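A closer look at the structure
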Amino acid sequence: MWKDLDISLEKAVSMKDMPAEENLGFGRYFTDHMFLMEWNRDRGWNNAKISPYTSFSMDPASTVLHYGQAIFEGLKAYRGKDDQIFLFRPEDNFKRMNKAAVRMSMPRFPVDQMLKALKGLVYLDRRWVPSAQGASLYVRPTMIGVDPFLGLKPADNYLFYIIMSPVGAYYAEGFSPTRISVCTDYVRAVKGGVGDVKTAGNYAASMLASEQAVERGCTQVLWLDACERRYVEEVGTSNIFFFINDKLITPPLSGSILGGITRDSVIKLAQSWDIEVEERPVAIAEVLEASQSGTLQESFATGTAAVISPVGELLYQDVSYQINKGETGPLAVRLYEELQAIQYGRKKDPFGWRVTVG
Ligand SMILES: *Cc1c(COP(=O)(O)O)cnc(C)c1O
């Protein structure tokens, strides 16, 4: 099936005007082209194409619109020296998406073929990869169930597509720490649920808590475990790290946490610098005590969008706990600079994370 899958190319007749790099924001503009392919139970993957960016028409009964059969990924392309373009660990994103496909009863796809398609798409739209420091081209692979049928069962027809959006530097106003609200009212995910895969409903379910955090003057929510509300899980859509007594500590991937690629990169970098890393349950009480006793040296969140986001303050049951006097710590800075240097091709890539496009 896949063996005979050719990717056809329909180029856009007219190219879009590009927005100014200073006000890209996040996810507001889209490039000239997109990748699309279809799957059905009889034929498998078929009709793969790169075509002009366009809207879909869909049956109102489509599976995704009612039962949320939808998974996605997020990764970035970076413009380096001599206009070379790099992707960061793209195979890991596609492998993670296949894991999500299995959990959501959706079809898997061959990672190597998808990487070729992605490279082709990024190369075709390479003028959209921004050159400003910290800016990048955000890539959003997505898969949805599209049967025109209201019965509850896995769809027999799927659409896989990749869209791309130029995004500005996350830290336009400097690498400043955030204020985070520890959420005790709602939970994000339970073990055995779908919190460890990027499926659409997780994000819909998190919006109310995020809105309430913003009302409290915080930028995001720190989620606790669903059973006891005792252990730390994640911050918003990022993984969380604490640097306590010179040990870098992060919750383990035990089923309710998304296995971030930035998280994995931070662990490997820290270990290569001889920093002790512990993946183990972290009680919120331990973090708050460490903040009060002065042993909590730093905390930061990790994810593709911001890379490293320092946490300067935790708000727990209306009491505020400062971290590193509300300032960005040296480990967060070092990790951020090292990761960016690898991503933009300014440094050697000892882990083989960078993939050159074209
Ligand atoms: C995407 C995501 C992350 C971060 O993953 P990266 O691969 O580092 O971008 C963390 N938590 C959640 C819930 C996510 O959706």
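One structure accompanies this document, and this report is about it. Quantities reported herein were computed from a predicted structural model and do not represent experimental measurements. (Residues numbered from 1 in each chain as written. Predicted model: local features only at pLDDT ≥ 70, side-chain atom pairs only at ≥ 80, totals over all residues. Heavy atoms only, no water.)

Before going further, it helps to examine the site of the ligand. Close to the ligand lie 14 residues, the nearest being K198, Y203, E234, T262 and T304. Between an oxygen atom of the ligand and a main-chain N or O atom of I261, the distance comes to 2.8 Å. Expressed as a share of its isolated accessible area of 380 Å², the protein-covered part of the ligand is 96%. Within the residue set of the shell around the ligand, elements represented by two or more residues are β12 (238-244) and α5 (261-272). Taken together, the residues that form the shell around the ligand break down as three nonpolar, seven polar and four charged. (Near = heavy atom within 4 Å. Polar contact = N/O pair within 3.5 Å; in protein donor to acceptor, adjacent residues only side chain to side chain. Areas by Shrake-Rupley, 256 points an atom, 1.4 Å probe, with all protein chains shown as cover. Helix = DSSP H or I, 4+ residues; strand = E, 2+ residues; numbered from the N terminus. Nonpolar A, V, L, I, M, F, W, Y, C, P; charged D, E, K, R; others polar.)

Our next topic: unusual backbone geometry. One non-glycine residue with positive phi stands out, namely N245, at about 50°. Turning to its location among the elements, N245 is positioned in the loop between β12 and β13 (247-250).

Relative to the helices and strands, N40 resides in strand β2 (residues 33-40). At a separation of 2.8 Å, a polar atom in the side chain of N40 contacts the main-chain amide nitrogen of R43. Among residues more than four places away in sequence, those in contact with N40 are N46, D156 and N157. (Contact = heavy atoms within 4.5 Å.)

Here we take up helix α3 (residues 111-124). Over its 14 residues, α3 extends 20 Å from the first C-alpha to the last, a length consistent with the 20 Å expected when each residue adds 1.5 Å. Taken residue by residue, α3 has V111, M114, L115, A117, L118, L121 and V122 as its buried positions. One side of α3 carries all its buried residues, which in axial view fall inside an arc of 165°. Turned more than 90 degrees from where α3 packs its buried face, D112 and K116 sit exposed. (Expected span 1.5 Å × (residues − 1). Buried < 20%, exposed > 50% of the residue type's maximum accessible area, 1.4 Å probe, protein only. Arc of directions from axis to C-beta.)

Our next topic: α5. In this model α5 runs 17 Å from its N-terminal to its C-terminal C-alpha over 12 residues, within 8% of the 16 Å that 1.5 Å per residue would give. Buried residues of α5: I261, T262, R263, S265, V266, I267, L269 and A270, and no others. Trailing α5 by a residue or two, D274 shows a phi angle of about 65°, which is positive.

Turning next to the packing of aromatic side chains. Taken as a whole and assessed by the stated rule, the structure comprises 14 aromatic pairs. Ring centres of F94 and F109 lie 5.7 Å apart, and the angle between their planes is 90°; this geometry places the pair in the edge-to-face category. Remark: F109 occurs in the loop between α2 (90-103) and α3 and F94 occurs in helix α2; sequence separation between them is 15 residues. For F109, a relative accessible area of 4% gives the class buried. (Phe/Tyr/Trp six-rings, centres within 6.5 Å; stacked < 30°, edge-to-face > 60°.)

Function cannot be inferred from these measures alone, as they are strictly geometric.
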